[in-house]
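This is what each chain is made of:
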Amino acid sequence: MRENTGLARSPFELDVYKAAFSVQQATFEETKHWPSGERFSLVDQIRRSSRSIGANLAEAWSKRAYPAHFVSKLADADGELQETLHWLATASECGYLGKETHENLETEFKKLGKKLGAMIAKHETFCRPR
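Treat the numbers as computed from the prediction; the structure is a model and nothing was measured.

A.B. asks: Explain the nonpolar core to me, please; I cannot follow it from the model alone.
C.D. replies: Side chains of a nonpolar character, in soluble globular proteins, are inclined to be buried together. Core analysis: the biggest nonpolar cluster contains 30 residues, and Leu14, Ile53, Leu57, Phe109, Leu112, Leu116 and Met119 have the highest contact counts within it. Mapped onto this core, the elements with two or more residues apiece are α1 (15-31), α2 (39-61), α3 (67-93) and α4 (99-121). The residues contacting Leu57, other than those within four sequence positions of it, are Pro11, Val16, Tyr17, Ala20, Leu74, Ala77, Leu116 and Met119.

A.B. asks: Would you explain the side chain of Thr27 in this entry?
C.D. replies: Inspection of the secondary structure puts Thr27 in helix α1. Of note is the side chain of Thr27, whose polar atom sits 2.9 Å from the backbone oxygen of Val23. Those residues in contact with Thr27, other than ones at most four positions away along the chain, are Ile46, Ser50, Leu105 and Phe109.

A.B. asks: Can you help me understand the confidence of the model for the protein chain in this one?
C.D. replies: Should the pLDDT be low somewhere, the predicted coordinates at that spot are not to be read in detail. This prediction gives the protein chain a mean pLDDT of 93; 94% of its residues lie at or above 70. The low-confidence segment residues 1-5 (pLDDT under 50) makes eleven contacts with residues lying over four places distant or belonging to another chain.

A.B. asks: For this particular structure, what's the right way to read the pattern of salt bridges?
C.D. replies: When their charged atoms lie close together, side chains carrying opposite charge are able to pair. This structure, assessed with the given rule, holds nine salt bridges. Linking Glu80 and Arg48 is a salt bridge whose minimum nitrogen-to-oxygen distance equals 3.2 Å. One end of the pair, Glu80, is in helix α3; the other, Arg48, is in helix α2, and 32 residues separate them in sequence. Residue class for Glu80 comes out buried when judged on its relative accessible area of 17%. For the salt bridge of Asp76 with Lys73, the shortest nitrogen-to-oxygen distance reads 3.2 Å. Of the two residues, Asp76 and Lys73 are both situated in helix α3; the distance of three residues between them amounts to about one turn of the helix. Here Lys73 falls in the buried class, since its relative accessible area comes to 14%.

A.B. asks: How do you make sense of the packing of α1 against α4 when you look at a structure like this?
C.D. replies: In a packed pair of helices, the relevant descriptors are the angle between the two axes and the axis-to-axis distance. Across the interface, α1 lies against α4 with an axial gap of 10 Å and an inter-helix angle of 155°. With respect to α4, the element α1 is oriented roughly antiparallel. When you trace α1 past α4, the crossing you get is left-handed. Taken together, the residues of α4 that come into contact with α1 (itself represented by Asp15, Val16, Ala19, Ala20, Val23, Ala26, Thr27 and Glu30) are Thr101, Leu105, Glu108, Phe109, Leu112, Lys115, Leu116 and Met119.

A.B. asks: Just to check I follow, could you spell out α3 for this structure?
C.D. replies: The α-helix winds at 3.6 residues per turn, so residues separated by three or four positions along the chain end up facing the same way. Spanning 27 residues, α3 covers 39 Å between terminal C-alpha atoms, matching the ideal 39 Å at 1.5 Å per step. Those residues of α3 not exposed but buried are Phe70, Lys73, Leu74, Ala77, Glu80, Leu81, Thr84, Leu85, Trp87, Leu88 and Ala91. Where α3 is buried, its residues contact α2 and α4. Within two residues after α3, Gly95 carries a phi angle of roughly 85°, on the positive side.

About the cut-offs
Residues numbered from 1 in each chain as written. Predicted model: local features only at pLDDT ≥ 70, side-chain atom pairs only at ≥ 80, totals over all residues. Heavy atoms only, no water. Core = buried A, V, L, I, M, F, W, Y, C linked by side-chain atoms within 4.5 Å. Buried < 20%, exposed > 50% of the residue type's maximum accessible area, 1.4 Å probe, protein only. Helix = DSSP H or I, 4+ residues; strand = E, 2+ residues; numbered from the N terminus. Contact = heavy atoms within 4.5 Å. Polar contact = N/O pair within 3.5 Å; in protein donor to acceptor, adjacent residues only side chain to side chain. pLDDT = per-residue confidence, 0-100. Salt bridge = Lys/Arg side-chain N within 4 Å of Asp/Glu carboxyl O. Axes fitted to C-alpha atoms, helices over the stretch in contact; angles between N-to-C directions. Parallel < 35°, antiparallel > 145°, perpendicular 65-115°, else oblique. Left-handed = near helix turned anticlockwise from the far one by under 90°. Expected span 1.5 Å × (residues − 1).

Below, the structure is given as structure tokens:
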């Protein structure tokens, strides 16, 4: 994996970022079909939280010189991921997501969560010296 070698020049080259962006877009596509009455509530919430995962990864990248700040932003990304899982469960329970679609999205977010967890556990391989 490129992440662990320190060869990435930007957060956009990281597999974890690419996965976050991909699943955020899949979530966006699904929300296009939800009821218009949810536009300013559930749709906005899940779009915001799913997009914040990648945004926090990008922000974390710029804080690599400060390991505690780097890990904090990665933890923020994980928090947004957990929030997104909550909103997916809510959407499923409301009947806006089919069972298979919910399971597929949930699986992708959980895979992303494992990548984030691995990145947090090995954060020092990403941090650059001051």
